[in-house]
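Descriptive analysis of the structure
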Amino acid sequence: MSAFIEQLPKVELHLHIEGTLEPEMVFALARRNGITLDYADESALRAAYDFRDLQSFLDLYYLGMQVLRTEQDYFDMTWAYLERVHRERVRHTEIFFDPQAHTDRGIPLAVVVGGIHRALEQAQRQWGLSSRLIMSFLRHLSEEAAFDTLRQAEPFRHLLAGIGLDSSERGNPPAKFSRVYALAREQGYRLVAHAGEEGPASYISDALDLLRVERIDHGVAATQDPALMRRLARERIPLTVCPLSNLRLRVVQDMADHPMLTLLAEGLCVTVNSDDPAYFGGYMNANYQALQDGLGASDGELLQMALNSVEACWLSPEEKAALV
Ligand code: HPA
Ligand code: ZN
């Protein structure tokens, strides 16, 4: 691991907390909750992390998180992630969770948000590691289900900084959620959405124009549309790019083909993130390292990406200044 990457103060902006469940924790929580898994052991589960595409990953991701039942489970998952990235010099993190993947199994939103938030507070107190929480709608579910989730979140409004959109992208365009995003906007939520991961470049412009998001999660499909790339650069719309995720979900066939340096050279505000590190083989430092080893990114280019993350995060100007 490069000493430059290790010592770089980092900000993470695209992290699904349920995607941090390592096989060891999946089995530990299953034992604690009396759940029998379809995999013999941790290594059998890890061996199944061989994905063809986004959907083949999502199937295992929704399966793995079924071991989460109690407030303590949500705390332990979140705390394990925070301990890990604290050691990697992450100074601020903006975390997604998928409420519907829990409430649809009968887990109250209070349990989910309570456990995650308790860990986030402890990391702030103990290490000064700051955070924001982003509630994501599952785009394969209906607009009505998203409205219902937004309503259920009302008691926790003060703990939620923003709204996101994730899960199966193709066939679930941004337009499906324009009305619920409009309501979230009225309620003061900040808005982001996954777009242009497996889906077309038009989903990126639709997320900007129909959902009125301020950041795009992934967005690598922008390279298919030069006019869109110019717009993203001109408007300084941040892209939360996840290099190892793109490789493991076969969005790119080889790290040498990754568009990160093209996007940076075109003047876009690209940032480096881990997405679902337990499933994609690496946390923040590993994602920076993959860009250096696989794509030939220089220390200067990695530094620019890290500064972009500070620019793109939701801290105040004073808090941002204190990060670097
Ligand atoms: N894409 C879409 N949905 C997701 C992802 C992702 O990378 N990770 C968790 N949910
Ligand atoms: Zn994601």
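From a predicted model like this one, the values you see are computed outputs, not experimental measurements. (Residues numbered from 1 in each chain as written. Chains lettered and ligands numbered in written order. Predicted model: local features only at pLDDT ≥ 70, side-chain atom pairs only at ≥ 80, totals over all residues.)

**Looking at the overall build of the chain**
- Scanning the chain for helices and strands turns up 17 helices and 8 strands.
- Here the C-alpha coordinates of the chain stretch approximately 50 × 45 × 40 Å along the principal axes.
- Expressed as a percentage of its 324 residues, the buried residues of the chain come to 48%.
- Considering only contacts in the chain between residues 6 or more positions apart, those separated by 24 or more positions represent 75%. (Helix = DSSP H or I, 4+ residues; strand = E, 2+ residues; numbered from the N terminus. Buried ≥ 20, exposed ≤ 12 C-beta atoms within 10 Å, placed from the backbone. Contact = placed C-beta atoms within 7 Å.)

**A few points about the UniProt feature "active site" (unreviewed entry) in the chain**
- UniProt's entry tags E197 with the feature "active site" (unreviewed entry), counted in the numbering of this structure.
- Among all residues touching E197, those that are not within four sequence positions of it are L54, E169, H218, V220 and V251. (UniProt positions renumbered as here; feature names shortened; annotations may be inferred.)

**A closer look at helix α11 (residues 226-234)**
- Those residues of α11 not exposed but buried are L228, M229 and L232. One side of α11 carries all its buried residues, which in axial view fall inside an arc of 100°. In α11, those exposed residues whose orientation departs by more than 90 degrees from the buried face are P226, A227 and R234.
- Those residues of α11 that are buried lie in contact with α10 (201-209).
- Once α11 ends, the next one or two residues include R236, with phi positive near 55°. (Arc of directions from axis to C-beta.)

**Regarding the nonpolar core**
- In this structure, I116, I204, A207, A222 and V270 are the most contacted members of the largest nonpolar core, which totals 95 residues.
- If near-sequence neighbours (up to four positions away) are discounted, A207 is found in contact with P174, A193, A195, V213 and I216. (Core = buried A, V, L, I, M, F, W, Y, C linked by C-beta atoms within 7 Å.)

**Considering the environment of Y74**
- By the element assignment, Y74 lies in helix α5 (residues 71-87).
- Taking the C-alpha atoms as reference, Y74 lies 11 Å from I107; in sequence the two are 33 residues apart.
- Those residues in contact with Y74 that sit more than four places away from it in its chain are L68, V111, V112, G115 and I116.

**Concerning unusual backbone geometry**
- For R89, which is not a glycine, the phi torsion comes out positive at approximately 65°.
- Mapped onto the secondary structure, R89 falls in the loop between α5 and β2 (90-97).
- A positive phi angle, near 60°, is found at R212, a position not held by glycine.
- Following the sequence through the fold, R212 ends up in the loop between α10 and β6 (215-218).

**What to know about the sheet that holds strand β4 (residues 162-166)**
- Strands sit in the order β1-β2-β3-β4-β5-β6-β7-β8 across an open sheet of 8 strands; the sheet is parallel. Looking at strand neighbours, the two that pair on one side only are β1 (10-16) and β8 (269-272), the edges of this open sheet. Each neighbouring strand pair of the sheet contributes to a mean axis angle of 25°, computed without reference to strand direction.
- When β2 meets strand β3 (residues 130-138), the two strands line up parallel, connected through 6 bridges. Among the inter-strand pairings, E94 is bridged to a residue of β3, identified as R132.
- Where helix α7 (residues 109-127) meets the sheet, its contacts fall on β2 and β3, and the angle it forms with β3 comes to roughly 160°. (Pairing = 2+ DSSP bridges. Axes fitted to C-alpha atoms, helices over the stretch in contact; angles between N-to-C directions.)

**Some thoughts on the site of ligand 1**
- Around ligand 1, a shell composed of H16, G19, L54, Y61, D166, S167, H194, E197, S245, D275 and D276 is seen.
- Taken together, the residues of the shell around ligand 1 break down into 2 nonpolar, 5 polar and 4 charged. (Near = placed C-beta within 6 Å. Nonpolar A, V, L, I, M, F, W, Y, C, P; charged D, E, K, R; others polar.)

**Examining the UniProt feature "site: Important for catalytic activity" (unreviewed entry) in the chain**
- Mapped onto the present numbering, the UniProt feature "site: Important for catalytic activity" (unreviewed entry) falls on H218.
- Mapped onto the secondary structure, H218 falls in strand β6.
- Given 28 C-beta atoms within a 10 Å radius, H218 is considered buried.
- Once you skip the residues sitting within four places of it in the chain, H218 turns out to touch H194, A195, G196, E197, V241 and C242.

**Some details on helix α16 (residues 299-312)**
- Given a rise of 1.5 Å per residue, 14 residues ought to cover 20 Å, and the 20 Å separating the end C-alpha atoms of α16 matches this to within 8%.
- Along α16, the residues that are buried comprise L302, M305, A306, N308, S309 and A312. Along α16, the residues classed as buried sweep out an arc of 150° about the axis, all on the same side. Residues of α16 that are exposed and point over 90 degrees away from its buried face: G300 and E311. (Expected span 1.5 Å × (residues − 1).)

**Considerations on the packing of α5 against α7**
- Following both chains from N to C, one finds α5 and α7 inclined at 35°, their axes separated by 7 Å at the closest point. The way α5 lies across α7 gives a crossing that is right-handed. In this structure, α5 uses E71, Q72, D73, Y74, F75, T78, W79, L82 and H86 to contact α7, whose residues at the interface are V111, V112, G114, G115, I116, R118, A119, L120, A123 and W127.
- Here the contact of α5 with α7 is built from residues that sort into 11 nonpolar, 5 polar and 3 charged. (Left-handed = near helix turned anticlockwise from the far one by under 90°.)

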